[in-house]
Amino acid sequence: VIDKDWWRGAVIYQIYPRSFQDSNGDGIGDLIGISQRMSYIASLGVDAIWISPFFTSPMKDFGYDVSDYCDVDPMFGTLADFDVVVEAAHQHGLKVMIDLVLSHTSDQHPWFAESQSNRTNSKADWYVWSDPKPDGTPPNNWLSIFGGPAWQWDPGREQYYLHNFLVEQPDLNFHNEDVQNAILSTTRFWLDRGVDGFRLDTINFYYADKELRDNPALPPERRNANIAPSVNPYNHQEHIYSKNQPENLEFLKRFRALLDEYPAAACVGEVGDAQRGLELLGEYTSGPEMVHMCYAFEFLAKTKLDATRVAQVFDELSRVAKNGWPCWAFSNHDVERHASRWDLPPAAQRLFATLIMCLRGSVCLYQGEELGLPEADVDFEDLQDPYGKQFWPEFKGRDGCRTPMVWESSNQNGGFSEGFPWLPVSHDHLNRSVGLQEDDPSAILHHYRRAIAFRKEHPSLIKGEHGGVFAYGDVLQFTRQHGDETLFCAFNLSDTPSLHGMPPGDWVTIGHELGGATPSPDFKLHLGPWQVCLALKQ
Ligand code: TEU
Ligand code: CA
């Protein structure tokens, strides 16, 4: 029997293929490399892998600019190699999710070449084209996330085209039904090839306002510089017309209906919005006809996560996304690794690993997170990320979280490649390699395995509801409940000891392998620095 609900509460391991494992010495990770490391991934106890894009691409945004949705870039291998990955994953009981970047293509995609060729071809309307204003300037004030205007002049058509990201990433026009159908048929291609699901890039950018109205300015007090750098003028606008259009939901229903033709396909949609993130999460995952889950940006913020913030997020979720399903992450290929971003001592890294495994929602772990890797220092000369080059030095870009995975310490490339790695392997990372940690029972890698196993042993953590989520000073407390299991969870998110009362009831502490504390007989809970308490109601 196939569990249609496998995604609910799943732990998903994110692989950035360029940097995971190189199998042929060209310095770039590839699909065969991923299949070679499948037993390691399975040993973590995760349920699924999400592989960042490996499709044919000029690599201007390292694969997030796709020029053929139905093929593998030769750099990463072949379709046959992909089949090997799927087979290896399935043999290990892992689901495979691939990353569909549907909002825009590469400017090298044949669809764009045709669309660009004149104003009358059959794909003329497949992208968002517009005449200039009478003075020759772009049709409106929309900005690109990666800097500059969101419009690029095309001398051939004598029109502008829209790009929310790089100039080389023209936005598809989803108002055109042929575009929708083409996208759905490429999705079917991968479903037929055996994938179990999708991470959907930027699902709230699929549609732009038909009238191309100007976005209003965002008043300084409402600006949120959490994810993208505050130096970026993009963050000073409110993107009410360039994204989050109601039509997104209509297209996503068509997408979901396609997935439902398959036994257990699921998707997680990326909905980035600094102001309305949780509200949108609620809208996009509101029911069985919508996307299964939304990737939440709340815990990717620059500001250190504290008990109050976590409580706030769950309070807001309970109001605006009651039936929604979040997918949490602390790190990914777009942000500074959280060990550095929040400047976490080792004990705090462990606490956060336990915490994320206790939250309602699914979880994404980013490769190397299980090793406690800090952000790598990448010099300007080695920089690859166009976003980093644009805003250097105020914002150093995304290369520091994309350096190669470290498998062994004996080798200066960390066992990643026998060639010259596309980004330097961080020296700081070499003494945290998988090999070294496997041999050290006290290493954080084993803590991650225990935290994942703990989650799996407790149905309330996977499918259960939250009782209220409360912050008492630095201590976060909540219960999770499912069937006859009620679990109490408390986390001291600070380096000072704390003393609190337990809720009434007959509790038995568990999770000692995660460093869990035991309440004293008078129901007082002493939590040491960064300590947790996990207890089952009798
Ligand atoms: O990211 C979307 C997104 O909103 C991010 O661009 C984020 O704001 C930025 O990376 C700052 O950290 C997705 C992918 O995850 C990203 O890698 C791609 O560059 C982007 O889409 C364009 O496809
Ligand atoms: Ca390679």
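Per an unreviewed UniProt entry, the protein carries the name Putative alpha-glucosidase and comes from Roseobacter cerasinus.

On to the packing of helix α5 (residues 177–192) against helix α6 (residues 247–259). Remark: α5 packs on α6, axes separated minimally by 11 Å, with the N-to-C direction vectors making an angle of 30°. Relative to α6, α5 is oriented roughly parallel. The handedness of the crossing between α5 and α6 comes out as right-handed. Together, Gln180, Leu184, Thr187 and Arg188 of α5 and Phe251, Arg254, Phe255 and Leu258 of α6 make up the contact between the two elements. Looking at the contact of α5 with α6 residue by residue, the class counts come to four nonpolar, two polar and two charged.

In this section: α6. In this model α6 runs 19 Å from its N-terminal to its C-terminal C-alpha over 13 residues, within 8% of the 18 Å that 1.5 Å per residue would give. Every buried residue belonging to α6 is among Asn248, Leu249, Phe251, Leu252 and Phe255, and all of these are buried. All buried residues of α6 project into a common sector of 160° when viewed along the axis, lining one side.

Quick look at the nonpolar core now. Of all hydrophobic cores here, the largest spans 149 residues; its most connected members are Ile12, Ile49, Tyr284, Cys294 and Ala490. Looking at which element gives the most residues to this core, the answer is helix α10 (residues 346–358), with eight residues. Residue contributions to this core reach at least three from each of two domains, namely domain 1 (11–104 + 177–455) and domain 2 (464–537). Judged by nonpolar contacts, the second largest core, of five residues, contains Ile28, Ala376, Trp422 and Leu423.

Between α10 and helix α14 (residues 444–457), the shortest axis-to-axis distance is 9 Å and the interhelical angle comes to 20°. Looking at the two axes, α10 sits roughly parallel to α14. Once α10 is placed against α14, the crossing between them reads as right-handed. Contacts between α10 and α14 involve Pro346, Gln349, Arg350, Ala353, Thr354 and Met357 from the former and Ile444, His447, Tyr448, Ala451, Ile452, Phe454 and Arg455 from the latter.

Here the focus is the domain arrangement of the protein. Split into domains, the protein comes out as domain 1 (11–104 + 177–455) and domain 2 (464–537). Relative to domain 2, the C-alpha centre of domain 1 lies at a distance of 30 Å. On the side of domain 2, 19 residues touch domain 1, which itself brings 18 residues to the contact. The leading source of residues in the side of domain 1 that touches domain 2 is α10, at seven residues.

Right, let's talk about the sheet that holds strand β8 (residues 159–162) for a bit. Ordered in space as β6-β8-β7, the three strands form an open sheet in which the pairing is antiparallel. Strands with a single pairing partner mark the edges of an open sheet, and in this sheet they are β6 (129–130) and β7 (151–154). Relative to β8, β7 runs antiparallel, the two sharing four bridges. Among the inter-strand pairings, Trp151 is bridged to a residue of β8, identified as Leu162.

What follows concerns unusual backbone geometry. Excluding glycine, residues mostly carry a negative phi; peptide bonds, for their part, are mostly trans. Going from Trp392 to Pro393, the amide bond is cis rather than trans, its omega being 0°. Here Leu212, not a glycine, exhibits a phi torsion of approximately 55°, which is positive. C-beta crowding within 10 Å serves as the criterion here: with 17 such atoms nearby, Leu212 is assigned to the partly exposed category. In the Ramachandran plot, Asp343 falls in the positive-phi region, its phi being about 50° despite a non-glycine side chain.

Turning our attention to the confidence of the model for the protein. Looking at the protein, pLDDT values average 96 and 99% of them are 70 or higher. Here the complex is predicted with pTM 0.98, and the ipTM for its interfaces comes to 0.95.

Strand order in the closed barrel made by the eight strands is β1-β2-β5-β9-β10-β11-β12-β13, with parallel pairing throughout. Going from strand to strand, the sheet's axes swing by 25° on average, the running direction of each strand aside.

With that out of the way, let us pick up the pairing of strand β10 (residues 266–270). Burial of β10 is extensive: five of the five residues sit out of reach of the surface. Examined bridge by bridge, β10 and strand β11 (residues 293–295) share three bridges and lie parallel to one another. Its bridge partner lying in β11, Glu270 is registered against Tyr295. What joins β10 to β11 is helix α7 (residues 277–284), and the crossover it makes is right-handed.

On to the environment of Pro74. Take Pro74: it is sitting in the loop between β4 (68–72) and α3 (79–91). Remark: the alpha-carbon pair of Pro74 and Asp474, spanning 400 residues in sequence, is separated by 50 Å.

What counts as what
Residues numbered from 1 in each chain as written. Chains lettered and ligands numbered in written order. Predicted model: local features only at pLDDT ≥ 70, side-chain atom pairs only at ≥ 80, totals over all residues. Axes fitted to C-alpha atoms, helices over the stretch in contact; angles between N-to-C directions. Helix = DSSP H or I, 4+ residues; strand = E, 2+ residues; numbered from the N terminus. Parallel < 35°, antiparallel > 145°, perpendicular 65-115°, else oblique. Left-handed = near helix turned anticlockwise from the far one by under 90°. Contact = placed C-beta atoms within 7 Å. Nonpolar A, V, L, I, M, F, W, Y, C, P; charged D, E, K, R; others polar. Expected span 1.5 Å × (residues − 1). Buried ≥ 20, exposed ≤ 12 C-beta atoms within 10 Å, placed from the backbone. Arc of directions from axis to C-beta. Core = buried A, V, L, I, M, F, W, Y, C linked by C-beta atoms within 7 Å. Domains from an automatic or database assignment. Pairing = 2+ DSSP bridges. pLDDT = per-residue confidence, 0-100. Right-handed = clockwise from strand over helix to strand, strands pointing away.

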